[in-house]
Amino acid sequence: MSDHIAIVDEAGVIEIHIDRPDKKNALTAAMYRAMTAALADASARADIGAVLIAGRGDAFCAGNDLKDFTAGPEGGAAAFDFIRAIAAFDKPLVAAVQGLAVGVGTTMLFHCDLVYAAPDARFVMPFVNLGIVPEAGSSLLAPAVMGHAKAAAMLLLGEPMDADGADRAGFVTAIVPAAGLFDHARAKAAALMAKPPQALAATRRLMKGDPTALNTRIEEEARLFRETLASPEAQEAFAAFFEKRAPVFRRS
């Protein structure tokens, strides 16, 4: 256990457990750093064939811990380092998602190869509502995966998508009963570990394609994210969030 991130080394699979259930697994800079380090370790080790990401408690991940994120530049730097790491990760990624998956809790899933969702999973990308722009390449990947119209409802309106909708949109691999969710995801990660590693890696690279456009989009999003985070709109949105009131945005 390190910084609310538990790392389990399980027969050739590294499991990353987001373990801050009292805060719905909201991520701090230290938690991002721990996950980034775990991905680097998994990538460097020949005995590791896959990574499984899961959240403990009744939520997968509620996104950034906003107090931690707005306390200084470290939160943003750690978040974007993790985003770059998961986007560039060179081994199969499996996710088990229950309850809320907000912000990066949803966008990190675009970089996972297999995503298993409990029936209560709820995916939300509320970036515009907070006066900021999407991250993790989601402005490119969401329309590519689920089509422009569904992506627009999530990214422009900030509307949630439930497990059934995510399944129909092709965003999740399957819906699995909550009681067996983690065991199911763990079994699939183990199945990947048992595959011929070179053929598996080559096939995954072919499926992912040329990463140039994605990497360019991630960096463009990061630049605009930093700019919008300092904007009057974001300042009002965050103030309203902490004060538990409706934001008021000026149109001039």
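Nothing here was measured: the structure is a model prediction, and the numbers come from that model.

The next point concerns the overall build of the chain. Check the secondary structure of the chain and you find 11 helices and 9 strands. Relative to the compact-globule value of 18 Å for 252 residues, the chain shows a C-alpha radius of gyration of 17 Å, a close match. Taken over the C-alpha atoms alone, the chain extends approximately 60 × 35 × 35 Å along its principal axes. Across the 252 residues that make up the chain, the buried fraction comes to 49%. For the chain, restricting intrachain contacts to residue pairs at least 6 apart in sequence, the fraction spanning at least 24 positions comes to 72%. Summed over all atoms, the accessible surface of the chain reaches about 11900 Å², with 58% contributed by carbon and sulfur. Here the chain contributes 25 positive and 30 negative side-chain charges, whose respective centroids are spaced 2 Å apart.

Tallied over the entire structure, the rule returns 15 salt bridges. Arg-20 is paired through a salt bridge with Asp-65; the nearest N and O atoms lie 2.8 Å apart. With Arg-20 in the loop between strand E2 (13–18) and helix H1 (29–44) and Asp-65 in the loop between strand E3 (50–55) and helix H2 (66–69), the pair connects residues that are 45 residues apart, well separated along the chain. Judged by relative accessible area, which is 11%, Arg-20 ranks as buried. Its salt-bridge partner being Arg-84, residue Asp-81 comes within 3.5 Å of it at the nearest N-O pair. One end of the pair is Asp-81 and the other is Arg-84, both in helix H3 (residues 73–88) and 3 residues apart, which spans about a single turn.

The residue Ala-178 is located in the loop between strand E9 (174–175) and helix H8 (181–193) in this model. Judged by relative accessible area, Ala-178 falls into the exposed class, the value being 54%. The sequence separation of Ala-178 and Ala-118 amounts to 60 residues, and the corresponding C-alpha distance is 4.9 Å. Residues in contact with Ala-178, not counting those within four places in the same chain, are Ala-118 and Pro-119.

Rules used throughout
Residues numbered from 1 in each chain as written. Predicted model: local features only at pLDDT ≥ 70, side-chain atom pairs only at ≥ 80, totals over all residues. Heavy atoms only, no water. Helix = DSSP H or I, 4+ residues; strand = E, 2+ residues; numbered from the N terminus. Rg over C-alpha atoms; globule rule 2.2 N^0.38 Å. Buried < 20%, exposed > 50% of the residue type's maximum accessible area, 1.4 Å probe, protein only. Contact = heavy atoms within 4.5 Å. Areas by Shrake-Rupley, 256 points an atom, 1.4 Å probe, with all protein chains shown as cover. Lys, Arg positive; Asp, Glu negative; His and termini not counted. Charge placed at Lys NZ, Arg CZ, Asp CG, Glu CD. Salt bridge = Lys/Arg side-chain N within 4 Å of Asp/Glu carboxyl O.

Read these as spatial facts, not as claims about activity.
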